[in-house]
Amino acid sequence: MKRALVSLLFGFVSAFGVAANPAVIRVGVSTGASGSPATFGGAATAIAQQRGVLEAAFKPDGIRVEWVFFKGAGPAANEALASKQLDFIWQGDLAAITGKAGGLNTRILLGDSRLAPSYLVVPAKSKAASLEDLKGRKFALFKGTTQQLTFNRIAAQRGLAERDFKTINMDGATTLAALAAGDIDGVYLPVNALQLQERGVVRVIEDTRRDPLVAAHTHLLVDAAFEQRHPQLVQKLVSALVANAAWTSDEANRQQVFTGWARAGVPVSAWQRDYQPDALKQRLTPLLDPFFYAHYRDAVRFARQFGLIRKDVDVDAWIAPQYLREALKAQKLERYWTPLAADGKGAA
Amino acid sequence: MQQHRYWLGAGLLALAGAGHAAAPSNEELQKQIVALKKAVEALQQQLDQNAQASKAAPAVPAATAVAASDAAGTPATREDLQGVQADLENFKYQVQRDRDTATATSSRALNVGGTIQARAAYSSQATSTSSSTPAGVVNNRNSSFDVPTAILAFTGNLYKDYDEGRNLGYRLSAGASQQTASNNSFLNLLDAYLTYSVLPTIDPATSRLDIAFGQQLLPFGLEVPATEDLKPVILNAQFTTRLGLAQRQIGLIARGDFDPVVDYGYNYRAPLLTYAFGVVNGNGPNTSDNNSAKDWVGRLAFTVPSDYNSWWRQLTVGGSFYRGKANLFVPGTGTLVGTGDRVRYGVDVTYNHEPFGVTYEYIQGRDDTASGTTQANTRVSSIKSDSHTATFFYNFGEQFVKGFRAQGRYDDWWPKSYQPFFRYDRFDPNTDKPSDESTVYTAGLNVFFAQTTKFQLNINHTDDKAKNQSYSDFLAQFQFGF
């Protein structure tokens, strides 16, 4: 009865063009969670989740924030968004692009992390010294995720393609188990490669540290229907995340940030090595600068070229920069991060 | 480095010498102080050099980094190491003991599962059954509590192909059926088959072909091959039992698909064509064939190629056939008069587009039957039957959103989901005979509230023209799996 009355009231309010606030805002995270309480690492949004930034921002409105972690990464989050089970998603570039190209009506709101190196790892006993040495060998690839795009870009730079390897589609957890068992010959991994190397399970034979064009990006996007209904809530969320990004990328909090990320399982020492010699502001920036646009345009082009999507994505129309602009202005953070030029190598 | 050792040694010697001297002169004391100063400076210089070296080479190998951090803290003693070693030995002993005494093991990978139903039923039509034994008599029953199904299943692999996924697997299941006057068997063998993946299964973008040999469900239509946990309705459609298609059969069946569309953006795989073809005894489960003729079964289904987020997603049209021979007898006797055809054809349409779904199935049957009183005057004729079954359901909740269920969490969370549905089920046992069809209308609600558990509420209204009866059943059931 109570629910029926609420529905009736909602319908009445909607009819007059003012959407009532939802009871809960659902934020999908395109990676499995670890630790207790569950969390993740490597992103400013992870610190926001740990600090309860969004919960505090929406508490005055009586809105609950629900974090949903997906073991199936970006593809699983896309599936949930298509089924109207999410409002926002934190995810990597390729999953968002495949979702958008497949008809998901989303808008990118702000960047999160960028220039994260990928490490080419092989089992500890492997004699391989380069990607070329792994031609024809078993290579793990989590298809539909940023990892696939990174791999294809690196391979293309060297005149190689997926077909030159025996690629096996595996999720993150399966890949780690297969590596330990020696069932695969190589894989590109993010920071957890360093953790495995410390344990002596793998050898890192290459990384993408010097190549900003192949490094992975993550961002936060919103379901366009939610954005249309609740633009003021979107603005509030973006503002809270920008303030959190400023805190997270402050060098004074470097140790706290790494310690927070380490709660998800990758030790502080691995994060320290992964971030050396980068400043936090270089890697953790919400900016939608020329580099961000160029990276996503390039990613769309590659995704089409590699047959990962069948339709184009208009990146300029996809990104909604107005919320970020407003948040930076209101918090006087316009000059806090340095925007990068399209090639990612110098200031814009 | 040599120089540092020299000054350190000199300093220590100076201190040692001072200990033996009875009354050192001022000059000697001055010398000792100078020697000590140099020793301290040398040590300071060494520390500075170490600090600079560590700054210049920050990405030290893991082992070195650990050693350095240990050097800064308290070093482990021999006793510490012996303590750890003792703990490790105790742990190993405990694990081995638990494995020997308190662990179920199997010679190959084994997954134990099961499905159980606990039901309360009320019917507006009373049931009465007479029997020669008291246990078989049913006296004007309107309501009953039942456990209609309890299935225990074992699955696993016999060979796992890590390179290409051409795995060899098995399934064994047994089910407890209700005891009646004519059936006192308690546990029956249901599935017992071996499967082999002929084509690689590693890459979702390639076609599949699996072969199953043994006792198994038939790949006919939609409802027949569906397992209990996937069926929205409590009672099976009438045709499944009345045309004998729900029975498991023993034989060899190949199942596969061709040209799959894979949308990696959603981890969605939809083959353009799925097919199955096989040969079976046709005499049901747990028994040998009763003639030499084998029965053939096949199915071909076409799924509209689409991305996950398309309106065309999961729109499938399929066709199935079953052709076999059944022994014919003089009615009411065991006198064999030969074999007759047993033929089933079916077409089906599915539009399973989360959050809603529609299915429709049309089945036509033809069975040869014998009439007469003796072998000599027996005549064989065909009886045609047909069935229409349509189901509509709508899901509120995330139960059927695969990625949403696979969340990374450390609690026993599961999304609560609600699935109202309606089914129309009409079966005409003889199309040439008027007014003998039976129609069952079912409205119901499934409530999913734990990972493998649902509560089902069904209201059936049956219009049985052959018996000239019209009545309603109310069923409430928990179905749980493990």
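Residues numbered from 1 in each chain as written. Chains lettered and ligands numbered in written order. Predicted model: local features only at pLDDT ≥ 70, side-chain atom pairs only at ≥ 80, totals over all residues. Heavy atoms only, no water.

Looking at an unreviewed UniProt entry, chain B carries the name DUF3138 domain-containing protein, with the source organism given as Jeongeupia chitinilytica.

Enquirer: What should I look at first to understand the overall build of chain B in this one?
Expert: Looking only at helices and strands, chain B features 6 helices and 17 strands. In chain B, 58% of the contacts between residues at least 6 apart in sequence involve partners at least 24 apart. When the accessible surface of chain B is summed, it comes to about 27400 Å², and 58% of that surface belongs to carbon and sulfur atoms. (Helix = DSSP H or I, 4+ residues; strand = E, 2+ residues; numbered from the N terminus. Contact = heavy atoms within 4.5 Å. Areas by Shrake-Rupley, 256 points an atom, 1.4 Å probe, with all protein chains shown as cover.)

Enquirer: Which parts of the structure should I look at to understand the overall build of chain A?
Expert: When you go through chain A residue by residue, the secondary structure sums to 16 helices and 10 strands. Taken over C-alpha atoms, the radius of gyration comes to 20 Å for chain A, in line with the 20 Å a tight globule of 348 residues would show. In terms of its C-alpha atoms, chain A occupies a principal-axis envelope of roughly 70 × 45 × 40 Å. Considering chain A as a whole, with its 348 residues, one finds that 57% of them fall into the buried category. Within chain A, counting contacts between residues at least 6 apart in sequence, those at least 24 apart form 78% of the total. (Rg over C-alpha atoms; globule rule 2.2 N^0.38 Å. Buried < 20%, exposed > 50% of the residue type's maximum accessible area, 1.4 Å probe, protein only.)

Enquirer: Which parts of the structure should I look at to understand the sheet that holds strand 10 (residues 218-223) of chain A?
Expert: Within a sheet, neighbouring strands are paired by backbone hydrogen bonds and run either parallel or antiparallel to one another. Residues and elements named next belong to chain A. Sheet architecture is open: 5 strands sit in the order 2-1-3-10-4, paired in mixed fashion. Strands at the two margins of the open sheet, each flanked by one partner only, are strand 2 (64-69) and strand 4 (106-111). Strand after strand, the sheet turns through a mean of 25° between neighbouring axes, direction not considered. Here 5 bridges tie strand 3 (residues 88-92) to strand 10, and the two strands are oriented antiparallel to one another. Within strand 10, the residue paired with Gly92 across the bridge is Thr218. Contacts from helix 4 (residues 73-82) reach strand 3, strand 4 and strand 10 within the one sheet, and its direction differs from that of strand 3 by about 155°. (Pairing = 2+ DSSP bridges. Axes fitted to C-alpha atoms, helices over the stretch in contact; angles between N-to-C directions.)

Enquirer: Teacher, can you tell me more about the interface of chain B and chain A here?
Expert: Accessible area lost during the coming together of the parts is what is often quoted as the interface size. Facing 26 residues of chain B, the contacting portion of chain A comprises 35 residues. Taken together, the links from chain B to chain A amount to 2 salt bridges. The salt bridge partner of Asp307 of chain B is Arg310 of chain A, with a shortest N-O separation of 2.4 Å. Along the contact surface separating chain B from chain A lie 4 residue pairs in polar contact (both at pLDDT 80 or more). It is helix 6 (residues 402-405) of chain B that contributes the most residues to the side of chain B that touches chain A, 3 residues altogether. (Salt bridge = Lys/Arg side-chain N within 4 Å of Asp/Glu carboxyl O. Polar contact = N/O pair within 3.5 Å; in protein donor to acceptor, adjacent residues only side chain to side chain.)

Enquirer: Explanation requested: the sheet that holds strand 5 (residues 119-123) of chain A in the structure shown.
Expert: Residues and elements named next belong to chain A. Spatial ordering of the open sheet is given by 8-5-9, a layout of 3 strands whose pairing is antiparallel. Two strands lie at the open edges of the sheet, namely strand 8 (187-189) and strand 9 (202-207), each paired on one side alone. The mean angle between the axes of side-by-side strands here comes to 40°, regardless of whether they run parallel or antiparallel. As paired elements, strand 5 and strand 8 share 3 bridges and run antiparallel to each other. Its bridge partner lying in strand 8, Leu120 is registered against Tyr188. Helix-sheet contacts for helix 7 (residues 172-181) involve strand 5, strand 8 and strand 9, and the interaxial angle to strand 8 is about 125°. Each of strand 5, strand 8 and strand 9 is contacted by helix 8 (residues 192-199), which is oriented at about 140° to strand 9, the strand it contacts most.

Enquirer: I tried to follow the pattern of salt bridges on my own but got confused; where do I start?
Expert: Proximity of charged atoms lets side chains of opposite charge pair with each other. Taken as a whole, this structure holds 35 salt bridges over all chains when the rule is applied. The salt bridge partner of Lys236 of chain A is Asp61 of chain A, with a shortest N-O separation of 2.7 Å. Taken together, the residues Lys236 of chain A in helix 10 (residues 231-248) and Asp61 of chain A in the loop between helix 3 (53-58) and strand 2 connect sequence positions 175 residues apart. Given a relative accessible area of 30%, Lys236 of chain A falls into the partly exposed group. Asp203 of chain B serves as the salt-bridge partner of Lys143 of chain A, at 3.9 Å between the closest nitrogen and oxygen.

Enquirer: What is the right way to read the environment of Lys135 of chain A from this model?
Expert: Residues and elements named next belong to chain A. Within the fold, Lys135 resides in the loop between strand 5 and strand 6 (138-141). Taking the C-alpha atoms as reference points, Lys135 and Asp185, 50 residues apart in sequence, are found 9.9 Å from one another. Other than its neighbours up to four places away in sequence, Lys135 contacts Leu160, Asp164 and Phe165.

Enquirer: Please explain the packing of aromatic side chains as it appears in this structure.
Expert: Each aromatic ring pair is described using two quantities: the centre-to-centre distance and the angle formed by the ring planes. Tallying each qualifying case throughout the model produces 27 aromatic pairs over all chains. Measuring from centroid to centroid gives 4.8 Å for Tyr266 of chain B and Tyr308 of chain B, while their planes differ by 20°, and the two rings are stacked. On the criterion of sequence distance, the pair formed by Tyr266 of chain B in the loop between strand 7 (249-263) and strand 8 (268-280) and Tyr308 of chain B in the loop between strand 9 (295-303) and strand 10 (315-329) is long-range, its members being 42 residues apart. Exposure class is identical for Tyr266 of chain B and Tyr308 of chain B. Each is buried. Ring centres 4.9 Å apart and planes at 50° place the aromatic pair Phe455 of chain B and Phe478 of chain B in the tilted group. Taken as a pair, Phe455 of chain B in strand 16 (residues 453-464) and Phe478 of chain B in strand 17 (residues 469-481) lie far apart in primary sequence, 23 residues in all. For Phe478 of chain B, a relative accessible area of 39% gives the class partly exposed. Clustering of aromatic rings is evident, with ring pairs tying together Phe139, Phe151, Phe165 and Tyr188 of chain A. (Phe/Tyr/Trp six-rings, centres within 6.5 Å; stacked < 30°, edge-to-face > 60°.)

Enquirer: What is the right way to look at a nonpolar patch on the surface in this model?
Expert: A contiguous nonpolar patch, built from Val358, Phe392, Tyr394, Phe396, Tyr418, Leu445 and Leu457 of chain B and spanning about 590 Å² of accessible area, is present on the exposed surface. For Leu445 of chain B, the location among the structural elements is in strand 15 (residues 438-450). (Patch = residues over 30% accessible without salt bridge, like charges linked within 9 Å, V, L, I, M, F, W, Y side chains within 5 Å.)

Enquirer: Please clarify how the confidence of the model for chain B should be interpreted in this entry.
Expert: Per-residue confidence for chain B gives a mean pLDDT of 86, with 88% of residues at or over 70. With pLDDT under 50 throughout, residues 56-72 of chain B is counted as low confidence; its partners more than four residues away or in other chains account for 3 contacts. (pLDDT = per-residue confidence, 0-100.)

Enquirer: Before we go on, may I ask you to explain the domain arrangement of chain B in this structure?
Expert: According to the domain assignment, chain B contains domain 1 (2-54) and domain 2 (195-481). Taken over C-alpha atoms, the centre of domain 1 of chain B sits 93 Å from the centre of domain 2 of chain B. (Domains from an automatic or database assignment.)

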